[in-house]
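What follows is the residue order along each chain.
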Amino acid sequence: MSTTLPTPGKVWLVGAGPGDPDLLTLRAARLVMNARLIVHDGLVDPAILALARPGAQLVSVAKSRSRHTLQQDEINALLVREALAGRDVVRLKGGDPFIFGRGGEEAEACRVAGVPVEVVPGISAAIGAAAAAQMPLTHRRSASVVSFVAGQCKGLSEQDWSGLAGKGRTLVIYMGLATSEAIAEKLIADGLSPEIPVAVVENATRPDMRVLRASLAGLPTLVTAHRVKSPALIVIGEVAGEPETDELRALALEALS
Ligand code: SAH
């Protein structure tokens, strides 16, 4: 007796954006609303999961720095197993799947197993935070380069960030809260001015968003004094300073006179 294997389902790696459900792409929203199986990480806002239809199966594979419910290879195996059993899987990830989202590994695992995979981009936290805080990451006057880096403990000292921050440049650090002290020390040791502006954007695009400002030297104190919690981004560079509304108004008035 021969058994026929089911046609594999498809895996969609879907970016859920930084929180606000209105920032989902239409494609992401459609996939979430039609999915039978959603595998999501902890950063996905409950308001987005609430779009799933009744009866959809929601599987959380939330990770945190200290506690892993599922290791990455187990998540890869779960996606592949479900798809090979013939189910379509919406793998919903915070922000964009390919910015510090391990989407690359999940896509590889699918391809290796012969599972069709498609990637749906999302608004990455840096892009959402910049818009919500009205903090342009590039600006004709002050920044023509922007870099995204990961500030996790692992390998922080081995990472070479020299040249990524400073005059005319914006550095956005994901996952940098826990290591903010080491980050400030590292950048100052690399020659960055301790006075350069820093902004911390917590819960970007969500109702409880906070934007806190300091100098680079003051970053660790800012994080502890305000009890900043994850998820938060650290933005370093001139664009992170207080908006210069008064200065700009004076310039505009001068130009008019
Ligand atoms: N793929 C995601 C990033 C995942 S790494 C993206 O493209 O945005 C997780 C880190 O992203 C968090 O530690 C935090 O630094 C940042 N982050 C995610 N959502 C955020 C939010 N709403 N506000 C501030 N930072 C956020």
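Residues numbered from 1 in each chain as written. Predicted model: local features only at pLDDT ≥ 70, side-chain atom pairs only at ≥ 80, totals over all residues. Heavy atoms only, no water.

If you walk across this open sheet you meet the five strands as S6-S7-S10-S8-S9, and the pairing is mixed. If you trace the sheet from one side to the other, it starts and ends with strand S6 (143–150) and strand S9 (210–215), each paired once. Within this sheet the neighbouring strands show an average axis-to-axis angle of 20 degrees, counted without direction. When S6 meets strand S7 (residues 168–174), the two strands line up parallel, connected through seven bridges. Paired with valine 149 across the strands is isoleucine 173, a residue of S7. (Pairing = 2+ DSSP bridges. Helix = DSSP H or I, 4+ residues; strand = E, 2+ residues; numbered from the N terminus. Axes fitted to C-alpha atoms, helices over the stretch in contact; angles between N-to-C directions.)

Let us look at the environment of glutamate 195. Relative to the helices and strands, glutamate 195 is located in the loop between helix H6 (180–189) and strand S8 (197–202). Relative accessible area serves as the criterion here: at 61%, glutamate 195 is assigned to the exposed category. In this structure, the C-alpha to C-alpha distance between glutamate 195 and alanine 214, residues 19 residues apart in sequence, is 8.6 Å. (Buried < 20%, exposed > 50% of the residue type's maximum accessible area, 1.4 Å probe, protein only.)

A few words on the site of the ligand. Residues in close proximity to the ligand total 17 residues, the closest being Asp96, Ile99, Ser124, Ala125 and Ala232. Here an oxygen atom of the ligand and a backbone polar atom of aspartate 96 are 2.8 Å apart. The backbone of alanine 204 places a nitrogen or oxygen atom 2.8 Å from a nitrogen atom of the ligand. For the ligand, whose unbound accessible area comes to 550 Å², protein coverage reaches 93%. Class assignment of the residues belonging to the shell around the ligand gives a composition of 12 nonpolar, four polar and one charged. Taken together, domain 1 (11–123) and domain 2 (126–240) each give at least three residues to the shell around the ligand, which thus spans both. (Near = heavy atom within 4 Å. Polar contact = N/O pair within 3.5 Å; in protein donor to acceptor, adjacent residues only side chain to side chain. Areas by Shrake-Rupley, 256 points an atom, 1.4 Å probe, with all protein chains shown as cover. Nonpolar A, V, L, I, M, F, W, Y, C, P; charged D, E, K, R; others polar. Domains from an automatic or database assignment.)

Core analysis: the largest hydrophobic core is formed by 23 residues, its most contacted members being Trp161, Leu171, Ile173, Leu187, Leu216 and Ile236. Every element with two or more residues in this core is listed here: S7, H6, S8, helix H7 (219–225) and strand S10 (232–236). Apart from the residues within four sequence positions on either side, tryptophan 161 is in contact with Val149, Ala150, Gly151, Leu156, Leu171, Ile173, Ile183, Lys186, Leu187 and Asp190. Listed in part, the 18 residues of the second largest apolar core include Leu24, Ala28, Ala35 and Ala56. (Core = buried A, V, L, I, M, F, W, Y, C linked by side-chain atoms within 4.5 Å. Contact = heavy atoms within 4.5 Å.)

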